[in-house]
Amino acid sequence: MPEPMGFFTDTTVCIGCKACEVACKEWNQLPAHNGGAHTLSGDSYDNTRQLDGTHWRHVQFVEQFTPDRSEGRWLLMSDVCKHCVRAGCLEVCPTGAIIRTEFDSVVIQSDACNGCRDCLAACPFGVIGMNPVSNTAQKCTLCYDRLQAGMEPACSKACPTDSIKFGPVRELREVAAARVEQLHGAGEKRAYLYGADDTMLGGLNAFFLLVDRPEVYRLPPDPQMPTRNLGMSALWSTLGAVVLGIAGIFSFRSRGARTAALAEAEEEERDVRRSA
Amino acid sequence: MFGDLPSTWFTSAPDWRWLIIGYFFIGGLAGGSFFLAALIDLFGRPQDRPLARLGYYIAFPAVLASGVLLILDLSRPLRFWHMLLESNTWQPMFKWYSPMSTGSWALLVFGAFAFAAFLAALADSGRVRWDWARRLRPPGVAGTFVAVGGGLLGFFVAGYTGILLAVTNRPIWADTTLLGLTFLISAASTSAALIVLLAWRRRALAPGVQALTRFDSIALVFELIALAALVASLGGAARGWFNAWGVLLVLGVVGVGILVPLLLHLRTGTFRQGYAVPVAAVLVLIGGFVLRVVVVLSSEGAGVLV
């Protein structure tokens, strides 16, 4: 049994070259033409804009500039499926198409998916999208096919600055902790790890080093499992059903109907008096 | 930039739109109508049996339509059976903690109950001469089984849709645990309204129609309370309704769908009695539909990942 594998994405060394996006598309044979429409975001160099069924890596361009643009910085982050240890998509998938692999990664089996799109709504990070070619939900597979052949994923292989590091999660966490310490020592006190320990969804097998709040990178500050709402929702609904059932029994039972008939008679009598 | 947004705003939408809204409405009518018909059969007077029949006449076609809507909404409709059987092993596919999974099974089994009761209603009305089918309605062991089992499953079908929305990570849907309750109550009120609408012209059914109208008033009051609690439970996520959707919720659901029908129910004496009841019923149905439109579409468009 191989040990859990994952990505450590160090955003401080990302240069926004998008080699990861291209390598991912090439290896996974994902369409590059967006249905023939070459759409530009118009407000940044980020024309991919978000992860979806045909973009399994997305280099996020966060531009932080003062209004006169005299000061500023670019935050660049190559975003990807987090391969959560407790994965919301896998939890809700009603067909069993989403599986946990021997590498502890989360993979959607395209031949089993029927496109109900429950996983799109369940993912705490908005990672999954529909692939218009297969008409199934798709996302990063951590290059399951390459891993099975003993190779590393295409994106980390292509990354020229090693912003994307691939390896056993246990080792990556050590590397990441050392990197945070190094950055703190160099004066970058804002550096911290997102999802590197077990507190976030049991741990993200693909975790990140960030230098601003998660929201700035369009990451949720407090991602949760979808089933957190199941127990209370079921309880309230059951209570409602019981109350409605009782209301129904009182409305329809024989005595109730007789009372209604009496009330009706009274009402008619009132009407008669009113019109008189 | 996206400073104080709830975490549910950082997710992407499943693109559940009109087919799903239609299913939420019609599926609610299927479950609610069966539930009410079963209650009338089990606790009502013998004279109300034709009224219960109407409930069964609604439930079965509505559950069929529900299945069609759900299958059409799939991106790969021919694979709909993957919800019930694992496509590679042929083992049953069931996850008790996934509402989509439990809902698929509930719809299938409820469909069988609705079909049985539908046959019984046909036989009971004399439209078909199948004496065996009449036993699929109470009284009697088989009939009671169909009524109780189908009634419980009907309420499951009517309520799980709200829980399905809650068991996600989407804005509004996953920010409250009261959507299941709200949809359940709304299913009961819209179903009562639809049966009333089909029955109000028949004088013989008048006492039953009046009982249903009274039940509908109770359900509408519950619905108002549930909606208020729902908005309160949203907390910061209520921002998703500080827009046109909120206006539609207040005017379309609370105003047109709850308050006006309640007034009509209360003051049937001053309004022309004959029309107050069906007008109120139509408004309740409109309100129930708008509720689902607001809940589904307000979340579809929310979030920072468009």
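Computed from a prediction, not measured in an experiment: that's the story for all the values here.

How each quantity is defined
- Residues numbered from 1 in each chain as written.
- Chains lettered and ligands numbered in written order.
- Predicted model: local features only at pLDDT ≥ 70, side-chain atom pairs only at ≥ 80, totals over all residues.
- Axes fitted to C-alpha atoms, helices over the stretch in contact; angles between N-to-C directions.
- Helix = DSSP H or I, 4+ residues; strand = E, 2+ residues; numbered from the N terminus.
- Parallel < 35°, antiparallel > 145°, perpendicular 65-115°, else oblique.
- Left-handed = near helix turned anticlockwise from the far one by under 90°.
- Contact = placed C-beta atoms within 7 Å.
- Nonpolar A, V, L, I, M, F, W, Y, C, P; charged D, E, K, R; others polar.
- Buried ≥ 20, exposed ≤ 12 C-beta atoms within 10 Å, placed from the backbone.
- Pairing = 2+ DSSP bridges.
- Core = buried A, V, L, I, M, F, W, Y, C linked by C-beta atoms within 7 Å.
- Domains from an automatic or database assignment.

Caption draft 1: Representation of the packing of helix α2 (residues 49-73) of chain B against helix α3 (residues 99-125) of chain B within the structure. Residue and element names in this part refer to chain B. As a packed pair, α2 and α3 sit with axes 8 Å apart at the nearest point and diverge in direction by 140°. Classed by the angle they form, the pair α2 and α3 counts as oblique. Considering only the axes of α2 and α3, their crossing is left-handed. Between α2 and α3, the residues in contact are Arg-49, Arg-53, Tyr-56, Tyr-57, Ala-59, Phe-60, Val-63, Ser-66 and Gly-67 and Leu-107, Phe-110, Gly-111, Ala-114, Phe-115, Ala-117, Phe-118, Ala-121, Asp-124 and Ser-125, respectively. Looking at the contact of α2 with α3 residue by residue, the class counts come to 12 nonpolar, 4 polar and 3 charged.

Caption draft 2: Fine view of the pairing of strand β1 (residues 5-10) of chain A. All names here are of chain A. By the criterion of burial, β1 is predominantly enclosed, with 6 of the 6 residues buried. Burial along β1 is two-sided: the face carrying Met-5, Phe-7 and Thr-9 and the face carrying Gly-6, Phe-8 and Asp-10 are both buried. Where β1 lies against strand β8 (residues 164-168), 5 bridges are found, and the strand directions are antiparallel. Paired with Gly-6 across the bridge in β8 is Gly-167. With 4 bridges joining them, β1 and strand β10 (residues 206-210) adopt parallel strand pairing. Considered in β10, the bridge of Thr-9 is made with Phe-208.

Caption draft 3: Just the interface of chain A and chain B, in detail. Each side of the interface is counted separately: chain A has 60 residues, and chain B has 62 residues. Counting only elements with at least two residues in the side of chain A that touches chain B, the list comes to α2 (88-92), α3 (118-122), β6 (129-131), α7 (230-252) and α8 (254-275) of chain A. Partitioned by chemical class, the residues of the side of chain A that touches chain B number 30 nonpolar, 20 polar and 10 charged.

Caption draft 4: How the structure looks around the nonpolar core. The biggest cluster of nonpolar side chains holds 178 residues, and the ones touching the most others in it are Cys-89 and Cys-119 of chain A together with Ala-59, Ala-114, Ala-117 and Val-196 of chain B. Here this core gets 16 residues from one element, more than from any other, and that element is helix α1 (residues 18-43) of chain B. Each of domain 1 (5-224) and domain 2 (229-275) of chain A gives at least three residues to this core. Excluding anything up to four places from it in sequence, Cys-89 of chain A contacts Ile-98, Val-106, Cys-119, Ala-122, Cys-123 and Ile-128 of chain A.

Caption draft 5: Highlighting the environment of Ala-281 of chain B. All names here are of chain B. Tracing the backbone through its elements, the reader meets Ala-281 in helix α9 (residues 273-300). The spatial distance from the C-alpha of Ala-281 to the C-alpha of Thr-11 is 38 Å, given a sequence separation of 270 residues. Contact partners of Ala-281, with chain neighbours within four places excluded, come to Ala-193, Val-196 and Leu-197.

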